[in-house]
Structures are given as structure tokens and as C-alpha cells.
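Commentary on secondary and tertiary structure
So you can see what is in the structure, the chains are spelled out below.
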Amino acid sequence: MAAITAGMVAELRGKTDAPMMECKKALTEADGDMAKAEEILRVKLGNKASKAAARIAAEGIVAVSISADGKTGAIIEVNSETDFVAKNDEFIALANGSAALVANQNPADVAALSALPMGEGTVESTRSALVGKIGENMSIRRFTRFEAKGKLVPYIHGGAKVGVVVDVIGGDEQLGKDLAMHIAASKPKALDASGVSAELLDTERRVAIEKARADNKPEAMLEKIAEGTVQKYLKDVTLLAQVFVKAEDGKQTIEQLLKAKGASVAGFTLYMVGEGIEKKVDDFAAEVAAQAAAAAAKK
């Protein structure tokens, strides 16, 4: 049996908003497996116990670079320790310059991007010099480069904390802007059901079955209930099935909007700064206790 520490309980509580004792029970039942414990809490407490995916802890910005003809482009995330540095002009220039290099030079990965020329040196030397000047660490986390089937439309939102690039075939300029803004607001995980991982669907199905059992639903109904839950989940997380945020009737889906405009979406990428990253949170009480214990041991 894995030891369940106060730090583990606090981390799970931060992800789920569940009571401390429920977090401890879930971690004990999951033998310390954080993901499994979160799933257990979802069964017990519902979807309010799954904030982790939307939780943004790291700072930084998203930058985009799109060619004049909208045929090639890139989106990049560059992280900093504080939001103050994320607003620094030189930091922003580093991000914008790196995005342009990705679009124009097509580096294979972050290491290859870091070796490309920038200013009087390279991207890496520019980053290192800025770290030395500001006194705060910063890093290029990820990027995606595009070669459009239609036309690339970018959108940056929330002080460059959210960035979108969508590849739109047909339609007009306003449609592209509306689609990019919708993606930033509704945060779909995929274009359609084929882009949603089997792992995510299995988790939704498993949670639905366990919740139904907890509600004393007949065993014969569990698979049907699970399938209904999965279909609802797909409507929530796939772009084409989502209701358009500007729909006047509150019902028109993105798929219907595209059909009405004679257009289609070849693909999209959505970046949210710090997505999936958790900042280290110092447990000062534990640190003080540890220091006191160490001091006592020396006596």
C-alpha cells in the first residue's frame, strides 16, 4: 500500500475541489494513483471533480505567425515564471520571433528551433541572455507548424493566454474569425468523434457505469446509460457537434453553420498557456516542521 502524504491530498484537492477527507479516501482506494483517485472522485462527486484539464498554472504567452497568403503558419507557447515577465516586450519579441522561425524554417522540434539564428546569435542564446537580464527562467514549450488545405485564420485571446489557428476551406473572412473565436471560447478537443482518443471515451464510459451503479440503476441498463453519456460528451468536445457560440437560435451547430456557408474545417490547433502544467506550491508548514525536526535531531 502506497503512503498517502498530505502533499498528495492537497494536490488532488487542488485538482478537484473535493473535501480533504474524500481526497484521502480516494487516494487510499487508488493506492496512491493520482489519475485513478481523480476518477474515483468523479464517480462519487460528479463532473465538478475534474477541473484539472482546465487548470492553468504556468505563465507565459501564445504567439502565432501566418504567411500573407494564409497557406503556412505556426503557433507556439513560451513559458515564464511570472505574468509580469510574460508582458515584457523582449519576452514577447522572443515568442513572436520564434513563431516566425517555425513557420519559415520548419524545425523538427524545440531543440532544432533553439539552434536557429536569431539576432546576433541563436534562439537559445537570445533566450539565455534574456534569462540572465531578467533573472527569471523561461522556456519554449511547444509549437505546431501548418501547411493549409484552405486558409489559416489565427486568433489570440486573453492577453495571449489562449491561441487558435484554424484551417478553413471556403467561406469568407468573417466565418474564419467566428470559427477561431468559437474554438477559443468552447475549447473543443477534436474536430469530430474520430479525433477523440479511445482512452478518453473509455474513461467517460467507465465513470458513467460506476455512477449508474452507485445510483442503483439496473445492470441491464448500464451499457445504454454509458453510451448516452459518451455521445453527450462527444457533442461537448468535438467542434462540428458544438453549438455555435453566436447562434441566434441557440441551436445551430458548427457543422450546420459550415454547411450553410459552403465551407469546411480541415483542422485546428488550440493552445492554452500552462495547459497540463502545475506550478510547484511550497508547503511552508511542512517545510518548517522538517527544519524543526532536523534541528532537534542535531541536538
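Residues numbered from 1 in each chain as written. Predicted model: local features only at pLDDT ≥ 70, side-chain atom pairs only at ≥ 80, totals over all residues. Heavy atoms only, no water.

**Some words on the packing of helix α8 (residues 173-186) against helix α11 (residues 254-261)**
The axes of two packed helices give the description: the angle between them and the distance between them. The criterion, for reference: To define axes, lines are fitted to C-alpha atoms, for helices over the stretch in contact only, and angles between the resulting N-to-C directions are given on a 0 to 180 degree scale. Only runs of H or I of at least four residues qualify as helices and only runs of E of at least two qualify as strands under DSSP, and these elements are numbered from the N terminus. An angle below 35 degrees is read as roughly parallel, one above 145 as roughly antiparallel, one from 65 to 115 as roughly perpendicular, and any other as oblique. The contact definition used throughout considers only heavy atoms, calling two residues in contact when any of these lie within 4.5 Å. Residue type decides the class: Asp, Glu, Lys and Arg count as charged, Ala, Val, Leu, Ile, Met, Phe, Trp, Tyr, Cys and Pro as nonpolar, and the leftover types, Gly among them, as polar.
Remark: α8 packs on α11, axes separated minimally by 12 Å, with the N-to-C direction vectors making an angle of 175°. Here α11 runs roughly antiparallel to α8, going by the angle between their axes. The residues of α11 that touch α8, namely those facing Leu175, Leu179 and His182, are Ile254, Leu257, Leu258 and Lys261. In terms of residue class, the contact of α8 with α11 is built from five nonpolar, one polar and one charged.

**Focus on the confidence of the model for the protein chain**
Selection rule: Every residue is assigned a pLDDT by the predictor, reflecting its confidence on a scale from 0 to 100.
Mean pLDDT for the protein chain: 87, with 87% of residues reaching 70 or above. Averaged over each element, pLDDT in the protein chain is lowest for helix α12 (residues 284-298) (53) and highest for strand β7 (residues 162-169) (98). Every residue in residues 48-57 scores below 50 in pLDDT, and together they form 26 contacts with partners more than four places removed in sequence or on other chains.

**With respect to the pairing of strand β8 (residues 264-272)**
Cut-off, in case you're wondering: Think of it in three bands: residues with accessible area under 20% of the maximum for their type are buried, residues over 50% are exposed, and the middle band is partly exposed, with areas taken using a 1.4 Å probe on protein chains only. Between any two strands, at least two bridges found by DSSP are needed for them to pair.
Of all nine residues in β8, seven are buried; the element is thus mostly enclosed. In this structure, β7 lies alongside β8, joined through eight bridges in antiparallel fashion. Paired with valine 165 across the two strands is threonine 269, which belongs to β8.

**Remarks on the pattern of salt bridges**
Put simply, the test is: Take a side-chain nitrogen of Lys or Arg and a carboxyl oxygen of Asp or Glu: if they are within 4 Å of each other, that pair is a salt bridge.
Evaluated as defined, the whole model comprises 18 salt bridges. Here lysine 36 makes a salt bridge to glutamate 39, at a shortest N to O gap of 3.8 Å. Of this pair, lysine 36 and glutamate 39 both sit in helix α3 (residues 34-45), three residues apart, which is roughly one turn of that helix. Under the relative-accessibility criterion, lysine 36 is labelled partly exposed at 38%. The exposure class of glutamate 39 is buried, given its relative accessible area of 12%.

**Notes on the environment of asparagine 104**
Here asparagine 104 shows up in helix α5 (residues 89-105). Classification of asparagine 104 by relative accessible area gives exposed; the value is 61%.

**Considering unusual backbone geometry**
Despite not being glycine, aspartate 31 has its phi angle at roughly 55°, a positive value. Despite not being glycine, asparagine 106 has its phi angle at roughly 55°, a positive value. Tracing the sequence through the fold places asparagine 106 in the loop between α5 and α6 (110-114).

**Points about the environment of glycine 32**
Topologically, glycine 32 is positioned in the loop between α2 (20-29) and α3. It is 7.1 Å that separates the C-alpha atoms of glycine 32 and alanine 3, two residues lying 29 residues apart in sequence. In this structure, glycine 32 is in contact with Ala2, Ile4, Met8 and Leu27, ignoring residues within four places of it in sequence.

**Focus on the nonpolar core**
Note the following rule: Definition used in this section: a nonpolar core is a set of buried Ala, Val, Leu, Ile, Met, Phe, Trp, Tyr and Cys residues joined via side-chain atoms within 4.5 Å.
In terms of nonpolar packing, the biggest core is built from 23 residues, with Ile76, Phe91, Leu113 and Val123 touching the most fellow members. Going through the elements one at a time, β1 (59-66), β2 (72-80), α4 (83-86), α5, α7 (123-134) and β5 (138-147) are the ones with two or more residues in this core. If you tally residues by element for this core, the top one is α5, at seven residues. If we ignore the near neighbours within four places in the chain, the residues touching leucine 113 are Ile76, Ser98, Leu101, Val102, Pro107, Val123, Ile140 and Phe143.

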